[in-house]
Structure formats: structure tokens, C-alpha cells
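Topology and contacts: notes
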Amino acid sequence: MAKTLPILHYPDARLFTKAKPVAAVDERIRTLVQDMAKTMYEAPGVGLAATQVDVHERVVVIDVSEAANELLVLINPEITWRSDERLVYEEGCLSVPGIYDKVERAERVRVKALDEHGKSREIEADGLLAICVQHELDHLDGKVFVEYLSPLKQSRIKTRLRKQERQAAA
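Here's a quick rundown of the structure. Since this is a predicted model, take the numbers as computed values, not measurements.

Topic: the nonpolar core
- The biggest cluster of nonpolar side chains holds 17 residues, and the ones touching the most others in it are Val60, Ile62, Leu74, Val109, Val111 and Val133.
- Mapped by element, the contributors of at least two residues to this core are β2 (59-62), β3 (72-82), β6 (108-114), β7 (120-126) and α2 (127-140).
- Sorting elements by how many residues they give to this core places α2 first, with five residues.
- Once you skip the residues sitting within four places of it in the chain, Leu74 turns out to touch Arg58, Val59, Val60, Ile62, Val111, Ala113, Leu114, Arg121 and Val133.
- Met36, Met40, Ala50 and Ile75 belong to the second largest nonpolar core, which has 16 residues in total.

Here it is as C-alpha cells:
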């Protein structure tokens, strides 16, 4: 039975940890994938990287479908190509609750990864899926989307989130 995992919140230092490659796609990784999917759907979100649940291995789950029934699992994902065309999209993040801002990224990407059965796959993504793939892979490299914003905005976001945490704890 899949369980909901706690999501780390920015500026938690663990979010800046670079994830290590998964050595073997085994039952432990499949359980992690199930738990991450349950966590993402319940949040609700469209993507979740293992880093966000304090597991520092290269595992991502994504589902950008309207019905939330098209789970994409990427293990040891690697972007092999990015389009020159750029897209500005308002992003949010489960680790940065309530904060949304515009980020510019490649409009299309090609990704090589393993699925939850250890089978190699390559996908080409565009639009929201491409944005989501790049956002989640940033997490695996220890980068949070707010790092694309100005230092002033980053500072304001940290202040706001710390205040929310203090209020929640009180």
C-alpha cells in the first residue's frame, strides 16, 4: 500500500542536494515510485522529484494529464536535447507552496531514462510536459525554480515561507 511522504519546503538545505543515480531498479525503487505518485496526486501537483521527499536518488514522477491518470516515471533521467525555441511559463512547486512565477525554459526536450521496470525509454516532450521535465530534473541537480528569479524575489519568498512555517507551528 502506497504511503504519502512528507515534502521538504524551500529553503530547506536538503533541497540543494545533488541526487545520485539509481544503481538498480528494484522493489525499493518501485515502492518509492508508488509513494511519490501518491504524494504528488494528493498534494495535488503535476510532478515530484525524489529530492523533494528527502530521497537523494534520480527518480521523478510526472502526470500532466487532465484526468491525472497518465503517470510518467523517469529513473536516472537525462536531457539529451533541448530546442532553441524558448517558452515562458508560470511555474509553481510543491516545495515552494503558494508561490508562482514566470520561468523561461526550452520549449521542447528529449529525455532518456529508465521506467519503473528498469526498461530504457526515450521521450520527446513539449509544452507543459517539457516544462515539468526540466523543473523536476532541476530538483535532482539541487536547484529550485525560485533560483531563476531575481535575488530580491528570492529573498521575499524565503521571508514569506518562513513566516508561514512559524504561523503553522504556533
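Structural notes on the environment of Leu15
- Relative to the helices and strands, Leu15 is located in the segment before α1 (27-42).
- Its relative accessible area of 0% is what places Leu15 among the buried residues.
- The spatial distance from the C-alpha of Leu15 to the C-alpha of Val53 is 8.9 Å, given a sequence separation of 38 residues.
- For Leu15, the residues in contact, after removing those within four places along its chain, are Leu8, His9, Tyr10, Thr51, Gln52, Ser95, His139, Gly142, Lys143 and Val144.

Here we look at the state of the cysteines
- One pass over the full model with this rule turns up zero disulfides.
- Not part of a disulfide, Cys93 finds its nearest cysteine sulfur in Cys132, a span of 9.9 Å.
- The exposure class assigned to Cys93 is buried, which follows from its relative accessible area of 10%.

A short note on the sheet that holds β6
- Across the sheet, which stays open at both edges, the five strands sit in the order β1-β2-β3-β6-β7 with antiparallel pairing between neighbours. The two strands at the open ends of the sheet, each matched to only one other strand, are β1 (47-49) and β7. For this sheet, the mean angle separating the axes of adjacent strands, direction not counted, is 40°.
- Bridge analysis of β2 against β3 gives four bridges, and the strand direction is antiparallel. Within β3, the position partnered with Ile62 by the bridge is Leu72.
- In the packing of α1 onto the sheet, the strands contacted are β1, β2 and β3, and the crossing angle to β2 comes to about 40°.

Remarks on the pairing of strand β5 (residues 96-106)
- Two strands pair when backbone bridges link them, and strand β4 (residues 86-93) and β5 are joined in this way by seven bridges, in the antiparallel orientation. Along β5, the bridge assignment pairs Tyr89 with Val103.

Observations regarding helix α3 (residues 151-169)
- The end-to-end C-alpha distance of α3 is 27 Å, a good match for the 27 Å that 19 residues give at a rise of 1.5 Å each.
- All of the buried residues in α3 are Gln154, Ile157 and Leu161. Looking straight down α3, one finds that the buried residues subtend no more than 65° of arc, so they occupy a single side. What points out from α3, more than 90 degrees from its buried face, is the exposed set Pro151, Leu152, Arg156, Thr159, Arg166 and Gln167.
- In this structure, the buried residues of α3 make contact with β5.

Points about the pattern of salt bridges
- For the structure shown, the criterion picks out 14 salt bridges.
- The shortest N-O distance in the salt bridge between Glu27 and Arg30 comes to 3.4 Å. Residue Glu27 and its partner Arg30 are located together in helix α1, separated by three residues, close to a single helical turn.
- With its nearest N and O atoms 3.1 Å apart, the salt bridge here joins Arg58 to Asp141. Here Asp141 lies in the loop between α2 and α3 and Arg58 lies in the loop between β1 and β2, a separation of 83 residues in the sequence.
- On the basis of relative accessible area, Arg58 is assigned to the buried category, the value being 12%.
- Bridged by salt links that share partners, the residues Asp12, Arg14 and Asp54 form one connected network.

Reading the values: rules and limits
- Residues numbered from 1 in each chain as written.
- Predicted model: local features only at pLDDT ≥ 70, side-chain atom pairs only at ≥ 80, totals over all residues.
- Heavy atoms only, no water.
- Core = buried A, V, L, I, M, F, W, Y, C linked by side-chain atoms within 4.5 Å.
- Buried < 20%, exposed > 50% of the residue type's maximum accessible area, 1.4 Å probe, protein only.
- Helix = DSSP H or I, 4+ residues; strand = E, 2+ residues; numbered from the N terminus.
- Contact = heavy atoms within 4.5 Å.
- Disulfide = S-S within 2.5 Å.
- Pairing = 2+ DSSP bridges.
- Axes fitted to C-alpha atoms, helices over the stretch in contact; angles between N-to-C directions.
- Expected span 1.5 Å × (residues − 1).
- Arc of directions from axis to C-beta.
- Salt bridge = Lys/Arg side-chain N within 4 Å of Asp/Glu carboxyl O.

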